[in-house]
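The chain contents come next:
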Amino acid sequence: MKILIIDDKKENNYLVERMITKLGYEAILAENGVEALELLFKFDFIMVISDILMPEMDGFQLCKIVRCLKKFDGLKFVFYTATYTEKEDEEFAMELGADKFLRKPMDPQLFLQEIQKLLQKEQADHDYRKNYIKKPEKEIFKLYNERLINKLEKKTRELEKFKQMDGERLRAQKIESLALIAGGIAHDFNNLLVGILGNTNIIQTDKSLSIEVQDSLKDIEKATLRASELTEQLLAFSKDGNIIKETKDITPIIEESISLVLRGSKSKCIINTQKNLPKVEVDSGQMTQVFNNLLINANQSMENGGEIHVSIEVVHISDDLEFPLPYGPYVQISIKDQGVGVPQNVHQHIFEPYFTTKEKGNGLGLATCYTIIKRHGGYISFKSNPKTEPGTTFQIFLPIFEQNYE
Ligand SMILES: Nc1ncnc2c1ncn2[C@@H]1O[C@H](COP(=O)(O)OP(=O)(O)O)[C@@H](O)[C@H]1O
Ligand SMILES: [Mg+2]
């Protein structure tokens with residue numbers, strides 16, 4: 001007794017074939033609906049096990065044709081699908097006259113049990129077939145299109161997400177390689193600065209120096225300290241994988257940054273935290289850097305001061321296209337200012353190391369944020385459209401691990 005197995009992926013076909021032959025049936029393989037129909041007319045089959053998404057003629061179309069022909073009345077039709085897995089897909093399949101709808105992957109034992117159960121039945125125990133024949137062609141066609149469009153939309157979304165992830169990978173690679181170079185230079189540079197600063201201090205102890213020389217020495221000292229701050233920042237940006245993560249509440253870390261950065265400034269910060277926020281795994285020193293940088297930028301964007309709104313809450317990333325993140329729960333931190341905003345034409349540059357629009361900027365703040373957040377398994381992005389709305393909102397996502405989730 002023959003069973004027809006249809007799938008455009010050869011390896012899938014062989015897997016099913018192996019299971020079926022174990023039951024003592026003869027398996028014949030086809031790669032699409034057209035091939036399957038030819039075989040159906042040539043040989044006698046007791047059952048069809050068909051994939052849905054296939055070239056030339058898909059499983060739905062094949063089922064519909066088979067159920068229109070009296071010759072195949074006794075033929076059992078099983079869908080075995082990995083792509084059309086929604087409830088509506090199953091409903092439509094049954095409506096077309098399928099006897100069973102199975103989703104891949106399935107435990108082989110269970111699969112065989114289902115197949116055997118169905119084969120032992122004399123007659124299908126429902127009258128979907130009759131139902132189908134009564135249903136107007138137009139309605140069936142509409143349902144078919146709906147399922148197809150749903151599938152296509154899902155595929156398109158998957159592809160877009162994949163494309164976005166790829167762009168993201170490139171960006172991360174570029175920044176990481178720059179971080180490596182910057183880190184190497186910063187190390188050597190810092191050592192040189194220590195020498196300059198030390199020697200300047202030694203000369204300064206000489207009380208016989210003229211006022212002019214003493215002033216010059218002070219300038220050297222000041223410049224060296226500034227240079228040292230800069231290298232500190234370079235080092236932070238380039239710090240390699242050795243971050244020390246601890247399970248922490250993120251709120252106090254950001255509150256500390258707020259009070260440090262905004263002390264004495266014209267800006268005010270309003271913070272909103274969701275109750276019972278789960279803890280996250282963070283290197284608090286590095287996260288402080290992130291918040292400092294973002295708050296400094298927010299404050300700088302508002303020349304005459306203004307409000308900075310910080311909100312912290314749990315979000316679930318699902319099929320969302322917007323963020324290239326794995327699905328799951330995240331703590332989302334938003335920092336929203338009322339400043340000048342980021343013009344559209346610089347949107348794609350602001351995370352680049354050394355990109356700045358400020359006279360005294362160094363363009364390392366956001367690049368540092370980006371690398372740090374990336375190393376925490378998170379993501380940082382921003383929204384700004386100064387033409388329609390003032391201000392900029394930065395969003396940070398930090399993954400929540402199961403053990404920290406209540
Ligand atoms: N909150 C903000 N509002 C407007 N523009 C911003 C904001 N944050 C960052 N930017 C833009 O991104 C650029 C890069 O920021 P950053 O890396 O921190 O370097 P820097 O602050 O030294 O310029 C800034 O020069 C500015 O153009
Ligand atoms: Mg900055």
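Each chain carries its own residue numbering, running from 1 in the direction its sequence is written. Chains and ligands are labelled by the order in which they are written, letters from A for the one and numbers from 1 for the other. Under the rules for a predicted model, residues below a pLDDT of 70 receive no local features and side-chain atom pairs below 80 are neither given nor counted, while totals for whole chains, interfaces and linings still include all residues.

An unreviewed UniProt entry lists the chain under the name Sensor histidine kinase RcsC, with Candidatus Lokiarchaeum ossiferum given as the organism.

Peer 1: Just checking my understanding: could you explain the overall build of the chain for this structure?
Peer 2: Each helix and strand in the chain was counted, giving eleven helices and twelve strands. By the compact-globule yardstick of 22 Å for 406 residues, the chain is too spread out, its C-alpha radius of gyration being 32 Å. Overall, the chain is about 115 × 40 × 40 Å in size when its C-alpha atoms are taken along their principal axes. Every C-beta atom is placed from the backbone, and the number of other C-beta atoms within 10 Å of a residue's own sets its class: buried at 20 or more, exposed at 12 or fewer, partly exposed in between. Going through the 406 residues of the chain one by one, you find that 27% of them count as buried. In this description, a residue-residue contact is defined by the distance between C-beta atoms placed from the backbone, which must lie within 7 Å. Of all intrachain contacts in the chain linking residues separated by at least 6 positions in sequence, the fraction that spans at least 24 positions is 72%. Where helices and strands are cited, they refer to DSSP runs of H or I of at least four residues and of E of at least two residues respectively, numbered from the N terminus. We compute the radius of gyration over the C-alpha atoms and compare it with the globule rule, which gives 2.2 Å times the number of residues raised to the power 0.38.

Peer 1: For this particular structure, what's the right way to read helix H10 (residues 284-301)?
Peer 2: One turn of the α-helix equals 3.6 residues, which is why residues spaced by three or four share an orientation. Residue count minus one, scaled by 1.5 Å, sets the expected span of a helix. Here H10 contains 18 residues, and its C-alpha end-to-end distance of 25 Å stays within 8% of the 26 Å for a straight helix at 1.5 Å per residue. Taken together, the buried positions of H10 are Gln286, Met287, Gln289, Val290, Phe291, Asn293, Leu294, Leu295, Asn297, Ala298, Asn299 and Ser301.

Peer 1: Help me out: how do you make sense of the packing of H10 against helix H11 (residues 365-375) in this one?
Peer 2: Two packed helices can be described by the angle between their axes and the distance between those axes. For helices, the fitted line uses only the C-alpha atoms of the stretch in contact; every axis is such a line through C-alpha atoms, and the angle between N-to-C directions lies from 0 to 180 degrees. The interhelical angle for the contact between H10 and H11, taken along N-to-C directions, is 145°, at an axis separation of 9 Å. The two elements H10 and H11 meet at a crossing, and its hand is left-handed. Facing H10, whose interface residues are Gln286, Gln289, Val290, Asn293, Leu294, Ile296 and Asn297, H11 presents Gly365, Leu366, Thr368, Cys369, Ile372 and Ile373. Under this grouping Gly is polar, as are all residues other than the nonpolar Ala, Val, Leu, Ile, Met, Phe, Trp, Tyr, Cys and Pro and the charged Asp, Glu, Lys and Arg. When the residues that make up the contact of H10 with H11 are grouped by side-chain class, the tally is seven nonpolar, six polar and no charged. Working rule for handedness: look at the near helix, and if it is turned counterclockwise from the far one by less than a right angle, call the crossing left-handed; if clockwise, right-handed.

Peer 1: Which parts of the structure should I look at to understand the site of ligand 1?
Peer 2: Should the C-beta atom of a residue, placed from the backbone, lie within 6 Å of a molecule or strand, that residue is near it. The environment of ligand 1 is formed by 22 residues, the closest being Asn297, Ser301, Thr356, Gly361 and Gly365. Those elements giving two or more residues to the shell around ligand 1 turn out to be H10 and H11. A total of four residues in the shell around ligand 1 trace back to one element, the largest contributor, which is H10. Tallied by class, the residues present in the shell around ligand 1 amount to eight nonpolar, twelve polar and two charged.

Peer 1: Honestly, the sheet that holds strand E1 (residues 2-6) in this entry has me stumped. Any pointers?
Peer 2: Note: strands within a sheet are paired through backbone hydrogen bonds, in either parallel or antiparallel orientation. When DSSP finds at least two bridges between two strands, those strands are taken to pair. Taken in spatial order, the five strands of this open sheet run E2-E1-E3-E4-E5, and their pairing is parallel. Edge positions in the sheet fall to strand E2 (26-30) and strand E5 (100-103), since each of these pairs with one other strand and no more. The sheet shows a mean angle of 20° between the axes of neighbouring strands, taken without regard to direction. Examined bridge by bridge, strand E3 (residues 45-50) and strand E4 (residues 76-81) share four bridges and lie parallel to one another. Across the sheet, Met47 pairs through a bridge with Lys76, a residue of E4.

Peer 1: What's the story with the environment of Val340 in this structure? I'm lost.
Peer 2: With respect to the helices, strands and loops of the structure, Val340 is situated in the loop between strand E10 (328-336) and H11. Residue Val340 is classed as partly exposed on the basis of its 16 C-beta neighbours within 10 Å. The spacing of Val340 and Phe237 is 103 residues in sequence and 26 Å in space, taken between C-alpha atoms. Contacts of Val340, omitting those with residues within four sequence positions, involve Ser301 and Pro386.

Peer 1: Explain helix H4 (residues 87-95) here, please?
Peer 2: Among the residues making up H4, those that are buried are Asp89, Phe92 and Ala93. The buried residues of H4 occupy one face: seen down the axis, they fall within an arc of 100°. Seen from the buried face of H4, the exposed residues on the opposite side, beyond 90 degrees, are Lys87 and Glu88. Residues of H4 that are buried sit in contact with E4, E5 and helix H7 (137-204). The directions from the helix axis to the C-beta atoms are what the arc is built from.

Peer 1: Would you mind showing me how to read the sheet that holds E10 here?
Peer 2: Overall, mixed pairing links the five strands, which are arranged E7-E9-E10-E12-E11 in an open sheet. Whereas interior strands pair on both sides, the edge strands pair on one side only; in this sheet they are strand E7 (268-273) and strand E11 (379-383). Averaged over neighbouring strand pairs, the angle between their axes works out to 20° when direction is ignored. Of the pairings in the sheet, the one linking E10 to strand E12 (residues 393-399) comprises seven bridges and is antiparallel in character.

Peer 1: Just checking my understanding: could you explain the confidence of the model for the chain for this structure?
Peer 2: Detailed reading of the predicted coordinates is not advisable wherever pLDDT falls low. Residue-level confidence of the predictor, termed pLDDT, takes values from 0 up to 100. Overall, the predicted model of the chain reaches an average pLDDT of 88, with 94% of residues at or above 70. Per-element averaging of pLDDT across the chain places helix H6 (residues 128-134) at the bottom with 54 and E12 at the top with 97.

Peer 1: What is the right way to read the packing of H7 against H11 from this model?
Peer 2: Viewed as axis vectors pointing N to C, H7 and H11 meet at an angle of 105°, and their least axial separation amounts to 11 Å. Between H7 and H11, the angle is such that the two are roughly perpendicular. Across the interface between the two elements, Ala172, Ile175 and Ala179 of H7 pack against Ala367, Tyr370, Thr371 and Lys374 of H11. In terms of residue class, the contact of H7 with H11 is made up of five nonpolar, one polar and one charged. Orientation categories follow fixed angle ranges, with anything under 35 degrees roughly parallel, anything over 145 roughly antiparallel, 65 to 115 roughly perpendicular, and all other angles oblique.

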